[in-house]
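Listed below, chain by chain, are the residues.
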Amino acid sequence: MVIVYRSNTGFTKEYAEMLGKTEKMKVYSLAQAGGLDKGTEVFFMGPLMAGHITGVDQAVKRFQVKGVCGVGMSPASQQTLDTLAKANYVPDAPIFYLQGGWAPKKVGWIKRRMVNMVTRSMRQSLRDKGSRRTPEEQRQLDFLEKGGSFVAFEHLEAIRAWMKDQK
Ligand SMILES: Cc1cc2nc3c(=O)[nH]c(=O)nc-3n(C[C@H](O)[C@H](O)[C@H](O)COP(=O)(O)O)c2cc1C
């Protein structure tokens, strides 16, 4: 199995490379993966856009996708994973979620506006708390307004455990 990824602002790429290094697997961007055989077994990783894992459809058409991972800006939770699984069904492949980050300066203004629309009410309620914001809420507000990264090696644990059974 090899890792194939799509990444717009770099967070998914970071995870893909981290995973490839620790699991000693080859890592290809979807563009680089053009030369791979059609039936190649692939673990696909892609950024979330409006709930959809970017690139997963191309990956499923071209390769034998054994597992899928969506990388988004929301914190990881069972609810995030359930929603993801419903919107991105891949036959016979488990689905994983990793919290990546948010890089407003690296996306175009239309996409930035789309995300800002979705996060508006949360930003507003955090701002309204003023000095009553907890340190965690302050971090969350900074993240939504200025961006930041939650990429961490520890988050790969569930994927690595699953991969051990695949080898
Ligand atoms: C237009 C747009 C839509 C997005 N939709 C979601 C979403 O539905 N859920 C989510 O968790 N993150 C969403 N994000 C955030 C990205 O998935 C997140 O920044 C991710 O880490 C980007 O990965 P990348 O750096 O590999 O491109 C969205 C970002 C953009 C620009």
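Preceding this section is the structure that the text describes.
Summarised in this report is the structure supplied together with it. Only a predicted model underlies this, so the values are computations on that prediction, with no experimental measurement involved. In this convention, every chain numbers its residues from 1, walking through the sequence in written order. Under the rules for a predicted model, residues below a pLDDT of 70 receive no local features and side-chain atom pairs below 80 are neither given nor counted, while totals for whole chains, interfaces and linings still include all residues. Side-chain calculation: all heavy atoms of the structure are included, whereas hydrogens and water are not.

Taken together, the buried positions of helix α6 (residues 157-166) are occupied by Ile159, Trp162 and Met163. The arc that holds the buried residues of α6, viewed along the axis, is 105°, so those residues lie on one side. Turned more than 90 degrees off the buried face of α6, the exposed positions are Glu157, Lys164 and Asp165. Along its buried surface, α6 packs onto α1 (11-23), β3 (41-49), β5 (64-72) and β6 (95-99). Residue exposure (1.4 Å probe, protein chains only): buried if accessible area is under 20% of the type maximum, exposed if over 50%, otherwise partly exposed. Only runs of H or I of at least four residues qualify as helices and only runs of E of at least two qualify as strands under DSSP, and these elements are numbered from the N terminus. Think of the arc as the fan of directions from the helix axis to the C-beta atoms. Contact between two residues is taken to exist if any of their heavy atoms lie within 4.5 Å; hydrogens are not considered.

For the rest of this paragraph, the subject is the nonpolar core. Leu19, Phe43, Met45, Cys69, Leu98 and Ile159 are the most contacted members of the largest nonpolar core, which has 19 residues in total. Those elements that provide at least two residues to this core are β1 (2-5), α1, β3, β5, β6 and α6. When residues of this core are assigned to their parent elements, the largest contribution, four residues, is made by α1. The residues contacting Ile159, other than those within four sequence positions of it, are Leu19, Phe43, Cys69, Phe96 and Leu98. Buried Ala, Val, Leu, Ile, Met, Phe, Trp, Tyr and Cys residues form a nonpolar core when they are joined through side-chain atoms within 4.5 Å. Within the second largest apolar cluster, 18 residues are counted, among which are Tyr28, Leu30, Val42 and Phe44.

So, on to the environment of Arg133. Here Arg133 is to be found in the loop between α4 (109-128) and α5 (135-146). The class of Arg133 is partly exposed, set by a relative accessible area of 22%. Not counting chain neighbours up to four residues away, the residues in contact with Arg133 comprise Leu126, Arg127, Gln138 and Leu141. Polar side-chain contacts of Arg133 include one of 3.3 Å to the backbone oxygen of Arg127. Separated by 2.7 Å, the side chains of Arg133 and Gln138 make a polar contact. Polar contacts here mean pairs of N or O atoms no more than 3.5 Å apart (in protein, one a potential hydrogen donor and the other a potential acceptor; neighbouring residues in sequence count only if both atoms are side-chain atoms).

Another aspect to go through is a nonpolar patch on the surface. Patch members must show over 30% relative accessible area and no salt bridge, and they are joined within 9 Å when carrying like charges or within 5 Å when they are nonpolar side chains of Val, Leu, Ile, Met, Phe, Trp or Tyr. Areas reported here follow the Shrake-Rupley algorithm with a probe of radius 1.4 Å; residue values treat only the protein chains shown as occluding. Note on definitions: salt bridges are taken to be side-chain nitrogens of Lys or Arg within 4 Å of carboxyl oxygens of Asp or Glu. On the surface, a cluster of nonpolar side chains totalling about 370 Å² of accessible area is made up of Trp109, Ile110 and Met114. By the element assignment, Trp109 lies in helix α4. Residue Trp109 is classed as exposed on the basis of its relative accessible area of 56%.

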